[in-house]
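# Remarks on the overall topology
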Amino acid sequence: MARTIMPVKLHEKIVAEVNDVRIDGMGIVNITPSYPLYIADAIPGEEILLEVTQVDKLSGYARVLEWLKTSDKRQNSQRQYLIDAGTAPLVNLKYQAQLELKQMQIQRLFDQRGIVSSVDSTIGMKAPSYYRNKTIVPVKWQDGHLTSGFYRRGSHELVPMTDYFVNDADIDKAIITVRDILEKYNISAFDPDIEQGAMRYIMIRRGFYSHELMVVLVSNHETIKFEENIITDICQQLPDLTSLIFNYSPKKEYVLLSPNNRTLWGSAAIHDTLLGYDFVIGPNSFYQVNPQMTEKLYDLAAQKANLKTTDVVIDAYSGIGTIGITVANQVKQVLGVEVVPGAVADAQLNIKANKIKNATYILADAPEQFKRWQDAGLKPDVVFVDPPRRGLTSQLIQATVDMGPDRLVYISCNPVTLARDTVEILEKGYHLSGTILPVDQFPQTSHIESITVFKKSS
Ligand code: SAH
């Protein structure tokens, strides 16, 4: 069999100009027109000395050994470890350039699909750091200490990290406090080499306005030793704590959290407010991670939806009901659908707590529920969709256009699937209404959130 000759060799060192940027923020050097190398922390226009670190059939990876010419978009964040970790890959790109990059990425994906569109400048954060209201970090015993940090890609080595830069600083502190208490009681941690041990992750959630703090101990074992002592110590050392939860999540069955929660102390959920509404947030519920920008996002989405008091509105992929609840008093009726039972339960509590009388939340798979609504003859005026990264399904798009809402508001956390879905929506009798608006929910990372409004063509 003939061996393919690759255009680069492993560990080869090459001087090259960075030609482009991939959707995840990695720089691209086109070694040949059809063989790209992907490189972290390399900005288009820069000249670098690179070392090839991985050679695959159609593309490869490299790392920068030296920057021979740097871009004026570069800043030295002094936080190279975040690039190595992959948790904040854009940290060396000036914030204005990050915002422009995100706008360009969406525009390019739409252009590539031949969709005539215009993408607005990305709305950014004033202080684009320490914004996340939630984190979950792995723990592991290393060198005689319980260590928290991140797993180096493709390895079982936990790299310690204490300043995540994107988390609320009180969350970073709480992780260390909890970790040190677990270390004091010599609690075992899950070891990926032998697939044994108890503690897997520490998850922390903190209300931006309420300052309520939730700590979740995620364990591979069903019980925790020294439970009473640990509860006492955590309560003493974290005065803002309102909810301490034990999540039994055997590694064999769950990637992160399981639905098996036991409240060790305090409440089973925390509260926070969003646009003046009160929300209860349980450990398994999705809740937007950047509360300041989420208020902007929802406010802008509602404005762009041009809501009327006579409108029947669907809130699909609703999480704990945030979008529907914040627009309910502007419309006639809200119908929500969400697939995670805990989140729907939270949504129902949130309707009551906010004295909302015209909203209903249903536990179901969104595409299936859309089909049922369509079969029942529902005629919504406005449909909000806020799907996970994989985007919408054809079934959901078909059911939507069959119900024929006047406006479809698509909040997307992944422009790749947004552009794909847009093609289908446009083919089925809708057009883009106005511009696509990126709102930066995830500064320092390559994630791109945006609002797109479709209107039914008459
Ligand atoms: N609109 C909410 C949640 C958005 S995240 C907010 O902004 O807070 C996407 C949500 O879709 C998650 O809550 C997830 O649980 C839910 N989801 C994922 N797949 C789903 C499906 N097939 N049907 C309904 N909801 C789904």
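Residues numbered from 1 in each chain as written. Predicted model: local features only at pLDDT ≥ 70, side-chain atom pairs only at ≥ 80, totals over all residues.

### Quick look at the packing of helix α3 (residues 169-184) against helix α4 (residues 227-237)
Running from N to C, α3 and α4 point in directions that differ by 150 degrees, and their axes come no closer than 10 Å. When the interaxial angle is binned, α3 and α4 end up roughly antiparallel. The hand of the α3/α4 crossing is right-handed. Of α4, the residues touching α3 (which contributes Thr-177, Val-178 and Ile-181) are Ile-230, Asp-233, Ile-234 and Gln-237. Taken together, the residues of the contact of α3 with α4 sort by class into four nonpolar, two polar and one charged. (Axes fitted to C-alpha atoms, helices over the stretch in contact; angles between N-to-C directions. Helix = DSSP H or I, 4+ residues; strand = E, 2+ residues; numbered from the N terminus. Parallel < 35°, antiparallel > 145°, perpendicular 65-115°, else oblique. Left-handed = near helix turned anticlockwise from the far one by under 90°. Contact = placed C-beta atoms within 7 Å. Nonpolar A, V, L, I, M, F, W, Y, C, P; charged D, E, K, R; others polar.)

### Here's the deal with the environment of Ile-187
Among the secondary structure elements, Ile-187 is positioned in the loop between α3 and β10 (199-206). Using a count of 22 C-beta atoms within 10 Å as the deciding quantity, one classes Ile-187 as buried. Separated by 80 residues in the primary sequence, Ile-187 and Ser-267 have C-alpha atoms spaced 24 Å apart. If we ignore the near neighbours within four places in the chain, the residues touching Ile-187 are Leu-182, Ala-198, Met-199, Ile-224 and Lys-225. (Buried ≥ 20, exposed ≤ 12 C-beta atoms within 10 Å, placed from the backbone.)

### Concerning the sheet that holds strand β5 (residues 47-55)
Spatially, six strands are ordered β1-β5-β6-β4-β3-β2 in an open sheet, and the strand pairing comes out mixed. Edge positions in the open sheet fall to β1 (13-17) and β2 (20-21), since each of these has one partner strand only. Across eight bridges, β5 lies against strand β6 (residues 60-69) in antiparallel orientation. The residue of β6 that forms the bridge with Gln-54 is Tyr-61. (Pairing = 2+ DSSP bridges.)

### Here we look at helix α8 (residues 366-375)
Within the span of α8, buried status applies to Ala-366, Gln-369, Phe-370 and Trp-373. Buried residues in α8, looked at end-on, bunch into an arc of 105 degrees, giving them a common side. Contact partners of the buried residues in α8: β16 (312-316), β17 (333-338), β18 (359-363) and α9 (394-403). Two residues or fewer past α8, Gly-377 is found with a positive phi of approximately 85 degrees. (Arc of directions from axis to C-beta.)

### A closer look at the UniProt feature "active site" (unreviewed entry) in the protein
Under the feature "active site" (unreviewed entry), the UniProt entry names Cys-413. As for its position among the elements, Cys-413 is in the loop between β20 (407-412) and α10 (415-427). Residue class for Cys-413 comes out partly exposed when judged on the 18 C-beta atoms lying within 10 Å of it. (UniProt positions renumbered as here; feature names shortened; annotations may be inferred.)

### Comments concerning the site of the ligand
The ligand sits among 17 residues. The nearest are Phe-286, Tyr-317, Gly-319, Val-339 and Ala-366. Counting residues per element, the ones that place at least two in the shell around the ligand are α6 (322-327) and β17. (Near = placed C-beta within 6 Å.)

### Here we look at the environment of Pro-250
Structurally, Pro-250 is set in the loop between β12 (241-248) and β13 (261-266). Note on Pro-250: 14 C-beta atoms within 10 Å, which makes it partly exposed.

### Focus: the domain arrangement of the protein
Here the protein is partitioned into domain 1 (13-74), domain 2 (108-125 + 290-456) and domain 3 (134-274). Taking only C-alpha atoms into account, the centre of domain 2 sits 32 Å from that of domain 3. Taken together, the elements giving at least two residues each to the side of domain 2 that touches domain 3 come down to α5 (291-305), α6 and α7 (341-353). The biggest single contributor to the side of domain 2 that touches domain 3 is α5, with four residues. For the side of domain 2 that touches domain 3, the per-class residue count stands at one nonpolar, six polar and two charged. (Domains from an automatic or database assignment.)

### Quick notes on the UniProt feature "binding site: S-adenosyl-L-methionine" (unreviewed entry) in the protein
Within this numbering scheme, the UniProt entry marks Gln-288, Tyr-317, Glu-338 and Asp-386 as carrying the feature "binding site: S-adenosyl-L-methionine" (unreviewed entry). Assignment of secondary structure puts Glu-338 in strand β17. The exposure class assigned to Glu-338 is buried, which follows from the 29 C-beta atoms found within 10 Å. The contacts of Glu-338, once residues within four sequence positions are left out, are Tyr-317, Ser-318, Gly-319, Ala-343, Val-344, Ala-347, Tyr-361 and Leu-363. Looking at the element boundaries, Asp-386 is found in the loop between β19 (382-385) and α9. In this structure Asp-386 comes out as buried when scored by C-beta crowding, with 25 C-beta atoms within 10 Å. Sequence-distant contacts of Asp-386, that is, excluding residues within four places in its chain, are made with Tyr-317, Ile-323 and Ile-411.

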